[in-house]
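Now for the letters of each chain:
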Amino acid sequence: MDDLLPGMLHLERDGGETLTRQLTDQLRHLITEGRLAPGQRLPSSRQLAQSLALSRNTVSFAIEQLAAEGYVALSAGRRTIVADGLTLDRRKLSSRSSRSGRARISVSAWASSLHRANWPPLHAGRPRPFQPGLADEREFAHDEWSRYLRRAARNALLRRDRPINHPPLQQALLRHLAVHRGIKAEASQVLIVPTAQAGLTLTAMAMLEPGDHAWIESPGYGGANAAFHAASAIVSAIPLDAQGMAIAARKETPRLIFVTPSHQYPTGRLMPIGRRLELLRFAEAADACIIEDDYDGEFHYEARPVAALQGLAPSPRVFYLGTFSKATYADIRIGYIVVPEALIGHFELAQRHMGMLTSIMMQDALAEFINAGAYLGHIRRMTRLYKARRDHMLQALAAEAGDRLSVEAPAGGMQLLATCRRQTNDQELSARLIEAGVVSRPLSSMLYHRTGEQGLFLGFAAWNEKEIDQAARILGRIVR
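Keep in mind that this is a model prediction, so the values were computed, not measured.

Under the criterion given, the structure shown has 19 salt bridges. As a salt-bridge pair, arginine 138 and glutamate 467 come within 2.9 Å of each other at their nearest N and O atoms. Taken together, the residues arginine 138 in the loop between helix H4 (109-112) and helix H5 (142-154) and glutamate 467 in helix H16 (residues 465-479) connect sequence positions 329 residues apart. Taking relative accessible area as the criterion, arginine 138 reaches 48% and is therefore assigned partly exposed. Two residues, arginine 269 and glutamate 408, come together in a salt bridge whose shortest N-O distance is 3.7 Å.

What follows is the structure, given as structure tokens:
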């Protein structure tokens, strides 16, 4: 072996890696491949250095690194020995490994079913009109926001306590929600999570047992469907009527009910106060909890919004869910949940266990952003801008595709639903639009009960009038 080992090593003198790194990696590979057998003695560092024309220090460093990792054993006065039990015999690997070298590794039933969920919608490359759910990042106050980020970074060493939910942000956000959404809570009830979807998943995992019933709207938000299925719930799709989720004449008793009452996803309809109170009374009688997703509830165009369900509830059984990524822009990926006071301890512990934590520096910057009035100022400016874009979008769609699409003007939010007037396949239509450079979501992908409805879910907030006009012309040509 003293003579053979140097021939098994191929070191590049002018390679990008150091000779010590190359020697270490190649010896390690020979051991795990079984070409250096357990118990086999290696040449002395002097012999190996001479054979490879290396310095003795280079060889010694490589051997010491392998000894530290457990690949070889060192003993004073004796030669280095390959350790036992380290060979990966490729001949004994499972026959299920493909000849190309790819091992067939099984995943859980949940993971293997994800491709059937049709969620989340993914679009390659830069966002394009009319991709839903996006704020216009070009209109965000980036310079002002960067000042708060720098200040938060400088203040990091001054923070003594580091709770996972930053109290200044909890307090600032609650003050905003209390005034503008009618939320009734203590600051400690506000949990800060990486995204609204993370908050939804956390709530589903903490509140549902396998086999519990959970209700979602249909058409509705695919993230709720995914979160409830991941928690092994029995998910029921509840169709909508003109006022929202139609809860009458249901046989099963749900544990959780997911709704988007401010702007129903995707129809944009506002749930009137009568249906809200009916839903709250039902939940009280059924001992059910409600997840109220106010995903883009900051933007209202016609009148002052109806108070959130959470503020109307006679007893604490509503989880209020929101996100900053819609009100600001997508890179600020922070969501929040207002949980019932009695559940704070359980949810904070679950939050830690699931690793749903966000940067304290980012939380600190957001707290200042809100307290300084910059957040509210941005929302007010965007509300005016998005309303104008909504109106322009309605006119453009009417002019280009009014005979083929029917659009219900949403009272708020960042997107709208255009239903097809004639029989068509919205999946194929959406695919043709993407090829032409226009992004949409087919309505049928958001339906969870049997129906023949077809349509396109279109975002307007992130696009200026020129971009809306150009995309509307393409859309009109395709649908005709």
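Having seen the model, we can carry on.
If you trace the backbone, glutamate 298 turns up in the loop between strand E8 (289-293) and helix H10 (309-312). Although glutamate 298 is buried, it forms no salt bridge, and the closest oppositely charged side chain is arginine 181 at an N-O distance of 6.0 Å. In this structure the side chain of glutamate 298 is engaged in a polar contact, spanning 3.1 Å, whose partner is the side chain of histidine 176. Looking at glutamate 298, its side chain comes within polar contact range of the side chain of tyrosine 375, at 3.1 Å. If we skip the residues at most four places from it in the chain, glutamate 298 touches His176, Ala327, Tyr375, Ile379 and Thr383.

Mapped onto the elements, glutamate 278 comes out in helix H9 (residues 273-286). Note: C-alpha distance between glutamate 278 and leucine 191 (87 residues apart in sequence) is 28 Å.

Moving on: the sheet that holds E8. Each strand in a sheet pairs with its neighbour through backbone hydrogen bonds, running either in the same direction (parallel) or in the opposite one (antiparallel). The strand order E3-E10-E9-E8-E7-E4-E5-E6 describes an open sheet built from eight strands, whose pairing is mixed. With one partner strand each, in any of the chains shown, strand E3 (190-193) and strand E6 (244-245) form the two edges of the open sheet. Here E3 runs beside strand E10 (residues 335-338); their pairing, made up of four bridges, is antiparallel. In the sheet register, valine 193 faces E10, and the bridge partner there is glycine 335. Across the sheet, helix H8 (residues 222-230) lies against strand E4 (213-218), strand E5 (234-241), strand E7 (256-259) and E8, angled at about 165° from E4, the strand it touches most. Its contacts with the sheet place helix H12 (residues 344-353) against E3 and strand E9 (318-323), and it is angled at close to 10° to E3.

Before going further, it helps to spend a moment on the nonpolar core. Counting 61 residues, the largest nonpolar core has Phe130, Phe324, Leu458 and Leu475 as its most contacted members. Leaving out residues up to four positions away in the same chain, leucine 475 has contacts with Phe130, Leu397, Ala401, Leu405, Leu433, Leu456 and Leu458. Judged by nonpolar contacts, the second largest core, of 34 residues, contains Ala196, Phe228, Phe347 and Phe457.

A word on H5. For an α-helix the count is 3.6 residues per turn, leaving residues at separations of three or four pointing the same way. With 13 residues, H5 extends 18 Å between its outermost C-alpha atoms, agreeing within 8% with the 18 Å of an ideal straight helix rising 1.5 Å per residue. Within H5 the residues assigned to the buried category are Trp145, Tyr148 and Ala152. Down the axis, H5 shows its buried residues gathered within 60° of arc, on one side only. In H5, the exposed positions that point more than 90 degrees away from the buried face belong to Asp143 and Arg154. Where H5 is buried, its residues contact helix H13 (360-371) and helix H14 (374-401).

Here the focus is the environment of leucine 312. Counting through the fold element by element, leucine 312 comes out in helix H10. Take leucine 312: its relative accessible area is 29%, and that puts it in the partly exposed class. Residues leucine 312 and alanine 462, spaced 150 residues apart in sequence, show a C-alpha to C-alpha distance of 32 Å. Contacts of leucine 312, omitting those with residues within four sequence positions, involve Ile273, Arg276, Leu280 and Ala307.

What counts, and at which threshold
Residues numbered from 1 in each chain as written. Predicted model: local features only at pLDDT ≥ 70, side-chain atom pairs only at ≥ 80, totals over all residues. Heavy atoms only, no water. Salt bridge = Lys/Arg side-chain N within 4 Å of Asp/Glu carboxyl O. Helix = DSSP H or I, 4+ residues; strand = E, 2+ residues; numbered from the N terminus. Buried < 20%, exposed > 50% of the residue type's maximum accessible area, 1.4 Å probe, protein only. Lys, Arg positive; Asp, Glu negative; His and termini not counted. Polar contact = N/O pair within 3.5 Å; in protein donor to acceptor, adjacent residues only side chain to side chain. Contact = heavy atoms within 4.5 Å. Pairing = 2+ DSSP bridges. Axes fitted to C-alpha atoms, helices over the stretch in contact; angles between N-to-C directions. Core = buried A, V, L, I, M, F, W, Y, C linked by side-chain atoms within 4.5 Å. Expected span 1.5 Å × (residues − 1). Arc of directions from axis to C-beta.

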